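Per-entry structural report
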Amino acid sequence: DWRMPSKKELISVTDLGRFNPAIDPTYFPNTPASNFWSASAYAYFSSDAWNVHFAYGNAFNVNEGSSFQVRLVRAGQ
């Protein structure tokens, strides 16, 4: 049931009206202002994937060998 979210799903929970972290703490308490992996591959470099930085709410590609946080989502009931 649990899986890594896509880049689009992770960006959808960011709140660009907030800063450091750019996420609503009521719904997502204790979320660190750091990078979170997505399940979305980066098309231009096969060794990269997309991640979302929750300090600012932006997404960028980085090498898959990097060490970042993971936030899982539930696929269904």
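On to the overall build of the chain, then. Along its length, the chain carries 1 helix and 5 strands. What you see in the chain, going N to C, is helices and strands ordered as β-α-β-β-β-β. Relative to the 2.2 N^0.38 estimate, which gives 11 Å for 77 residues, the radius of gyration of the chain is 12 Å and therefore close to what a compact globule would have. Each principal axis of the C-alpha distribution contributes one length, and for the chain these read about 35 × 30 × 20 Å. A total of 77 residues make up the chain; the buried ones form 31% of that total. A separation threshold of at least 6 residues defines the contact pool for the chain, and within that pool the share at least 24 residues apart is 51%. In the form shown here, the chain has an accessible surface area of approximately 5000 Å², with 52% of it arising from carbon and sulfur atoms. Taking the 6 positively charged and 6 negatively charged side chains of the chain as two groups, their mean positions are separated by 4 Å.

This brings us to the sheet that holds strand β4 (residues 58-63). Read across the sheet, 3 strands follow the order β2-β3-β4 without closing on themselves; strand pairing throughout is antiparallel. With partners counted over all chains shown, the strands left at the sheet margins are β2 (35-41) and β4, one partner each. Taking each pair of neighbouring strands and ignoring which way they run, the sheet shows an average axis angle of 40 degrees. Sheet analysis places β2 next to strand β3 (residues 48-53), joined by 4 bridges and oriented antiparallel. Bridge pairing links N35 to H53 in β3.

The next point concerns unusual backbone geometry. Trans peptide bonds make up the majority, and among non-glycine residues the majority have a negative phi. In this model, N20 is joined to P21 through a cis peptide bond whose omega is 15 degrees. Within the secondary structure layout, P21 lies in the loop between α1 (7-12) and β2. With phi around 60 degrees, N20 is a residue other than glycine that occupies positive phi space. Structurally, N20 is set in the loop between α1 and β2. Accessibility expressed as a relative area gives 45% for N20, which makes it partly exposed. Look at N30: it is not a glycine, yet its phi comes out positive at around 65 degrees. Take N30: it is sitting in the loop between α1 and β2. Looking at N30, the relative accessible area reads 77%, which means it is exposed.

What counts and what doesn't
Residues numbered from 1 in each chain as written. Predicted model: local features only at pLDDT ≥ 70, side-chain atom pairs only at ≥ 80, totals over all residues. Heavy atoms only, no water. Helix = DSSP H or I, 4+ residues; strand = E, 2+ residues; numbered from the N terminus. Rg over C-alpha atoms; globule rule 2.2 N^0.38 Å. Buried < 20%, exposed > 50% of the residue type's maximum accessible area, 1.4 Å probe, protein only. Contact = heavy atoms within 4.5 Å. Areas by Shrake-Rupley, 256 points an atom, 1.4 Å probe, with all protein chains shown as cover. Lys, Arg positive; Asp, Glu negative; His and termini not counted. Charge placed at Lys NZ, Arg CZ, Asp CG, Glu CD. Pairing = 2+ DSSP bridges. Axes fitted to C-alpha atoms, helices over the stretch in contact; angles between N-to-C directions.

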